[in-house]
Amino acid sequence: MTSELRINGERLMASLYELGAIGALPQGGVCRLALSDEDRQGRDWAMARMQALGLNVTVDAIGNTVGVYPGLTDTPPVMMGSHIDTVATGGLYDGNYGVLSGLEVIATLKDAGLRLRRPVAVAFFTNEEGSRFQPDMMGSLVYQGGLALETALATRGIDDVTVGDALRKIGYDGPAPVGNNRVDSYFELHIEQGPVLDEEGLAIGVVEGVQGISWTEFHLQGVSNHAGTTPMRLRHDAGYVAARIGVFARQLAQELGGDQVATVGHLVFTPNLVNVIPDTVTLTVDLRNTDAEALHLAEQRLWAFAEQTAHEEGITLSRNMLARFEPTPFAPEMVELVAAQARLRGLPARRMPSGAGHDAQIMATMCPAGMIFVPSVAGLSHNINEFTAPQDLIAGANVLLGAVVQRADRA
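Now for a quick tour of the structure. All figures in this text were calculated on a predicted structure; none of them were measured in a lab.

Calculation criteria
Residues numbered from 1 in each chain as written. Predicted model: local features only at pLDDT ≥ 70, side-chain atom pairs only at ≥ 80, totals over all residues. Heavy atoms only, no water. Helix = DSSP H or I, 4+ residues; strand = E, 2+ residues; numbered from the N terminus. Rg over C-alpha atoms; globule rule 2.2 N^0.38 Å. Buried < 20%, exposed > 50% of the residue type's maximum accessible area, 1.4 Å probe, protein only. Contact = heavy atoms within 4.5 Å. Areas by Shrake-Rupley, 256 points an atom, 1.4 Å probe, with all protein chains shown as cover. Lys, Arg positive; Asp, Glu negative; His and termini not counted. Charge placed at Lys NZ, Arg CZ, Asp CG, Glu CD. Salt bridge = Lys/Arg side-chain N within 4 Å of Asp/Glu carboxyl O. Axes fitted to C-alpha atoms, helices over the stretch in contact; angles between N-to-C directions. Parallel < 35°, antiparallel > 145°, perpendicular 65-115°, else oblique. Left-handed = near helix turned anticlockwise from the far one by under 90°. Nonpolar A, V, L, I, M, F, W, Y, C, P; charged D, E, K, R; others polar. Phe/Tyr/Trp six-rings, centres within 6.5 Å; stacked < 30°, edge-to-face > 60°. Lys NZ or Arg CZ within 6 Å of the ring centre and 35° of its normal. Polar contact = N/O pair within 3.5 Å; in protein donor to acceptor, adjacent residues only side chain to side chain. Expected span 1.5 Å × (residues − 1). Arc of directions from axis to C-beta.

## Quick word on the overall build of the protein
Logical step 1: When you go through the protein residue by residue, the secondary structure sums to 12 helices and 15 strands.
Logical step 2: Over its C-alpha trace the protein gives a radius of gyration of 23 Å, about what one expects of a compact globule, namely 22 Å for 411 residues.
Logical step 3: In terms of its C-alpha atoms, the protein occupies a principal-axis envelope of roughly 80 × 45 × 40 Å.
Logical step 4: When the 411 residues of the protein are sorted by exposure, 56% land in the buried category.
Logical step 5: Sequence-distant contacts in the protein: of pairs separated by 6 or more residues, those separated by 24 or more amount to 80%.
Logical step 6: Within the structure as shown, the protein displays about 16,800 Å² of accessible surface, and the carbon and sulfur contribution to it stands at 52%.
Logical step 7: Across the protein, the centroid of the 29 positively charged side chains sits 3 Å from that of the 47 negatively charged ones.

This is the structure in C-alpha cells:
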C-alpha cells in the first residue's frame, strides 16, 4: 500500500502560498529575517500545522522546532527538515518548501492511517540563511553540537541585537535542551537555486553532497584625503585595495576552474563621498568549491594577495572568518534511495552537488543525510521572482515521501 501513496498536491501548494503571505513584500516575494516578528508569525503558523497533525512538538533553546509523528517502535526518527527564515528579498520556496513538504508527507501517512516502523519527524532550524545573524545554518550547528549554545546566543546581528534577546522577544527560547539528539537519518527537499535542472529539462536532482564554503570579511584602513589635491603616488586608498581584491577573487575562480566560485557580496565605503578618498572599507569574499584542497588553495591565495596589495598601498588590513564549512558528501545509501524513487516514478534525474549551503550538510555529521532538488526556473533564488512549477514541486514531494517510507519502514 505504501508504494501507491501520493501527496496531496493542492494542499501542498496552498500551504506554500499561505506561509508566503507572512512577510510578503509589496513587489512580490517575502521577507522573514531570522527571529524577526515576521519569522515569529511564520513559526506560529508552522507550529499550528504540526499541532493540527497531532505531532509531538518541541522547541529547543536555540529555537529549533521539531514535530514527531510516532512510529510502531520507540526508535530514533527519520527526520525531514529545512528552514522558514528568508533573506530580505526572498521567494516562496527556499527552505519553506522542504518544511511544508515534510508536513505534507506526514499528513499523507495520517490520511492513509499508516504508522511506519520508525517515527517520522519534521524540523525547521533557526537562522539557516545567516542574513541577520552569522554564521548561517546556526540552528542546525547548535543542534548537531558544532556551535556552542552560549556562543550562538551571544551573537550580534546586523542590527546589533543578540540572538538570545531576539529569541526571547519572539518567544522561541524553548525549554528543550540542545545536544544528544537521536536521529536515524535526515532528508532535505529543496529547490536547486541554480540553473542546471531547468536548463537540462530534468525533474529531480539527486544531491551527492554540498560544496565547501568560506566567507572572509576584510577590513581595510587607509587615509581619507582630498580626491583632487592628493597625488596618486601619495595615496593610501582603501577603496583601491578593495577593488583589486574583488577583481582578483573573480580572476582566481576563473583560473582555478572546475567548481570554484567567488563572490564579493558586501562592500561598504567610508566616508562614501564622490570627492573623498575612502579611508575605511569593509568587504566580504565568498569562496566555494566541492574539492577541499582546492578551496584551501583559493583561500590562501586570496589572503596573500589581499595582504600584499594592502602593504603596497600603505594601508592596514585585518580579516575575520564569518563562516567555514568543509565539503560534505552525503551517505551513499541515502543518495541511492533518492535516485531509486526518481526512477520508480519515471522522473528524469541527474546526480549533482549542491552549490548552496544547507542544514543537511550539518546533519550529515551526526547521521546519514540526503537531499532532493527540484528545478528553479532560470536558476533564480534569493530573489522575489524565484519560481518552481507546481508539477515539479509535487514530483519532488512524492520522491521525498517514497524515500522516507523506505527508510522509516526498513527492518
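## What about the pattern of salt bridges?
Pairs may arise between side chains of opposite charge once their charged atoms sit close together.
Logical step 1: Applying the stated criterion to the full structure yields 22 salt bridges.
Logical step 2: In this structure, the salt-bridge partner of Glu-104 is Arg-11, at a minimum N-O distance of 2.8 Å. Of this pair, Glu-104 sits in helix H3 (residues 96-111) while Arg-11 is found in helix H1 (residues 9-20), placing the two residues 93 residues apart along the sequence.
Logical step 3: Salt-bridge contacts for Arg-343 lead to Glu-336; the nearest nitrogen and oxygen are separated by 2.7 Å.
Logical step 4: With a relative accessible area of 54%, Arg-343 lands in the exposed category.
Logical step 5: In the salt-bridge network here, residues are joined through shared partners; they are Arg-118, Asp-184, Arg-407 and Arg-410.

## Brief notes about the packing of helix H10 (residues 332-344) against helix H12 (residues 390-408)
Logical step 1: The contact between H10 and H12 brings their axes to 9 Å, and the two run at 130 degrees. It follows from the interaxial angle that H10 and H12 lie oblique. In this structure, H10 meets H12 at a crossing whose hand is right-handed. Listed contacts from H12 to Glu-333, Met-334, Leu-337, Val-338, Gln-341 and Ala-342 of H10 are Val-399, Gly-402, Ala-403, Gln-406 and Arg-407.
Logical step 2: Split by residue class, the contact of H10 with H12 holds 6 nonpolar, 3 polar and 2 charged.

## Concerning the packing of aromatic side chains
Logical step 1: As enumerated under the stated definition, the model contains 4 aromatic pairs in all.
Logical step 2: Ring geometry for Phe-125 versus Tyr-143: centroids 5.5 Å apart, planes at 70 degrees, classification edge-to-face. Residue Phe-125 is found in the loop between strand S4 (120-124) and helix H4 (138-144), and its partner Tyr-143 is found in helix H4; the two are separated by 18 residues along the sequence.
Logical step 3: Put simply, the rings of Phe-125, Tyr-143 and Tyr-186 touch in pairs and so form one group of aromatic residues.
Logical step 4: Here the guanidinium or amino end of Arg-115 rests over the ring plane of Tyr-69, the centre of that ring lying 5.0 Å away.
Logical step 5: Across from the ring centre of Trp-303, 3.9 Å away, lies the NZ or CZ of Arg-319, which sits over that ring.

## Topic: the side chain of Thr-328
Logical step 1: Relative to the helices and strands, Thr-328 is located in strand S13 (residues 328-329).
Logical step 2: You can call Thr-328 buried: its relative accessible area is 13%.
Logical step 3: Here the side chain of Thr-328 touches Glu-326 through a polar contact of 3.2 Å, landing on its backbone oxygen.
Logical step 4: Sequence-distant contacts of Thr-328, defined by excluding residues within four places in its chain, comprise Gly-209, Val-210, Gln-361 and Ala-364.

## Focus: the environment of Met-137
Logical step 1: Tracing the backbone through its elements, the reader meets Met-137 in the loop between S4 and H4.
Logical step 2: On the basis of relative accessible area, Met-137 is assigned to the buried category, the value being 0%.
Logical step 3: Residues Met-137 and Gly-113 lie 24 residues apart in sequence; the distance between their C-alpha atoms is 35 Å.
Logical step 4: Once residues within four sequence positions are removed from consideration, Met-137 is found in contact with Asn-127, Glu-128, Phe-325, Gly-357, His-358, Asp-359, Gln-361 and Ile-362.

## Topic: the packing of H1 against helix H2 (residues 37-52)
Logical step 1: Closest axis-to-axis distance for the H1/H2 pair is 10 Å, and the angle between their directions is 150 degrees. On the basis of the axis angle, H1 is roughly antiparallel to H2. Together, Ser-15, Glu-18 and Leu-19 of H1 and Gly-42, Trp-45 and Arg-49 of H2 make up the contact between the two elements.
Logical step 2: Its residues placed into classes, the contact of H1 with H2 shows 2 nonpolar, 2 polar and 2 charged.

## Re helix H9 (residues 292-313)
Logical step 1: For H9, which comprises 22 residues, the first-to-last C-alpha distance of 32 Å matches the rise-based estimate of 32 Å (1.5 Å per residue) to within 8%.
Logical step 2: Every buried residue of H9 is listed here: Leu-295, Ala-298, Glu-299, Leu-302, Trp-303, Phe-305, Ala-306, Thr-309, Ala-310 and Glu-313. One side of H9 holds all its buried residues, which, seen down the axis, span an arc of 160 degrees. Exposed side chains of H9 directed beyond 90 degrees from the buried face belong to Glu-293, His-311 and Glu-312.
Logical step 3: In the core, the buried residues of H9 are packed alongside strand S7 (212-221), helix H8 (238-256), strand S11 (280-289) and strand S12 (316-325).
Logical step 4: For H9, the side-chain oxygen to backbone nitrogen distance between the N-cap and Glu-293 is 2.9 Å, and the N-cap itself is Asp-291.
Logical step 5: Of the residues flanking the end of H9, it is Gly-314, one or two places downstream, whose phi is positive at about 70 degrees.

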